[in-house]
Amino acid sequence: MKYNLSVPHLSNDKRELKYIAEAMDNRNIGPVGRFIAEFEYAVKKLTGAGYALGVINGTSALHLALTAMGIGKGDDVMASTFTYIGSAAPIMYVGANPVFIDSEGDTWNLDPNLLEDALKKRVKTPKALVLTHIYGQPANMDDILMVCDRFGVRLVEDSAEAIGATFDGRQCGTFGTAGIFSFAGNKLLTAGGGGMLLTDDKHLIETASYFASNAREPMMHHEHNSIGYNYRLSNLHAAVGLAQMELANERIAARRRIFEQYRKAFAGDSRITLMPQHHKAKGNRWLTAALFEGVEPKMLMVKLANQGIETRPLWKPMHTQPVFKDADRYVSRVSEKLFESGLCLPSCSTMSDDDVRAVAAEVIGMLDIIG
Ligand SMILES: *Cc1c(COP(=O)(O)O)cnc(C)c1O
């Protein structure tokens, strides 16, 4: 591949290697060491969250959030349907029932009107809403918070893709009871695998930390009153995560610049629609996603791959996944249509403006041929 979708962007001064070397030299390569606390601090500083807990990935961070909130067997949890499985699987891990809500066209994220309709119809108040900010663009927080407030539903933000994105100036991941980030290899910032749980609730973070450490009681020997999980982040991964956090603003600016270049290149081409954005939102533009008219996106994907351009279908909605065939849902056709007509385009922060223009020209040329 000449143009990848999203590969890790390591710092020019090889900071990641320097920090890893330090961790190695000190033999602090397990779940103890200075990089863990500093990585957590960097996330708190960027977001303004009161507490942050580093864990092995975003999925486990979400699992811990639901666990620490006391959500369990038989509880209902509302969730965005237009998302990645890592957003929905934790609802199943705790034995709760996911209730999927469709997207709105304006943000591609959860539709506040559908949420309100759903809550009016439910007999039982759900224990939480797991809300995704898709591709790093914020959901309509004004309306969603209003509905959650009115019905007494606690919010958990799946901000896995949305580090540094803001709505009305406030950081995604800090609107609800808890929020999570992912630092997987393909995300805007990576720890080579890692996740972060954010909250302002001291009790929640302490409970999450307890469950992340195999529910070890505070005693000299290993004492266990409950079953937890082995979710603690290693100092080695935190070393990479910290190095990446130190360049967060540059990396986000680069993704936004790439989106802007695509926007200019596609302007005036009625066959291509880039993802929209709420007027109060400032997405991090993790991936530039576009909808195409008159072509089958998977065919376009194969043709572009032959030219060395890596693209990917949009997320397949959870309510259309075989594993969730029995799950409750409140859906329109919005997310299904997105899946049927969209692709994510190469969005690596290493791309130059010329790179983006070259990709855009290939896309347009391909549409002329196969469209
Ligand atoms: C990446 C991602 C996750 C999970 O993150 P991992 O670190 O891979 O476990 C969850 N939700 C969404 C929307 C994601 O994109």
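Residues numbered from 1 in each chain as written. Predicted model: local features only at pLDDT ≥ 70, side-chain atom pairs only at ≥ 80, totals over all residues. Heavy atoms only, no water.

Draft legend 1. Highlighting the pairing of strand E3 (residues 97-101). Most of E3 sits out of view: four of its five residues are buried. Across five bridges, strand E2 (residues 76-80) lies against E3 in parallel orientation. If you follow Met 78 over to E3, its bridge partner there is Val 99. Read as a crossover between parallel neighbours, the route from E2 over helix H4 (residues 85-93) to E3 is right-handed. Bridge count between E3 and strand E14 (residues 328-330): three bridges; the pairing is parallel. If you follow Phe 100 over to E14, its bridge partner there is Arg 329. (Buried < 20%, exposed > 50% of the residue type's maximum accessible area, 1.4 Å probe, protein only. Helix = DSSP H or I, 4+ residues; strand = E, 2+ residues; numbered from the N terminus. Pairing = 2+ DSSP bridges. Right-handed = clockwise from strand over helix to strand, strands pointing away.)

Draft legend 2. Region of the structure containing the packing of helix H5 (residues 112-121) against helix H6 (residues 141-151). It is at 9 Å that the axes of H5 and H6 come closest, and there the two elements cross at 10°. Judged on the interaxial angle alone, H6 and H5 are roughly parallel. For the pair formed by H5 and H6, the contact residues are Pro 112, Leu 115, Glu 116, Leu 119 and Lys 120 on the first element and Asp 143, Ile 144, Val 147, Arg 150 and Phe 151 on the second. Of the residues belonging to the contact of H5 with H6, the class tally is six nonpolar, no polar and four charged. (Axes fitted to C-alpha atoms, helices over the stretch in contact; angles between N-to-C directions. Parallel < 35°, antiparallel > 145°, perpendicular 65-115°, else oblique. Contact = heavy atoms within 4.5 Å. Nonpolar A, V, L, I, M, F, W, Y, C, P; charged D, E, K, R; others polar.)

Draft legend 3. Just the nonpolar core, in detail. Core analysis: the largest hydrophobic core is formed by 63 residues, its most contacted members being Phe 39, Trp 108, Tyr 135, Phe 183, Tyr 262 and Phe 292. Per-element tally for this core: the top contributor is helix H12 (residues 353-370), with seven residues. There are two domains that each give this core at least three residues, and those are domain 1 (15-245) and domain 2 (249-370). Those residues in contact with Phe 39 that lie beyond four places of it in its chain are Phe 183, Ala 191, Met 196, Leu 233, Ala 238, Gly 241, Leu 242 and Met 245. Core analysis: the second largest hydrophobic core is formed by 33 residues, Ala 65, Met 69, Leu 197 and Leu 204 among them. (Core = buried A, V, L, I, M, F, W, Y, C linked by side-chain atoms within 4.5 Å. Domains from an automatic or database assignment.)

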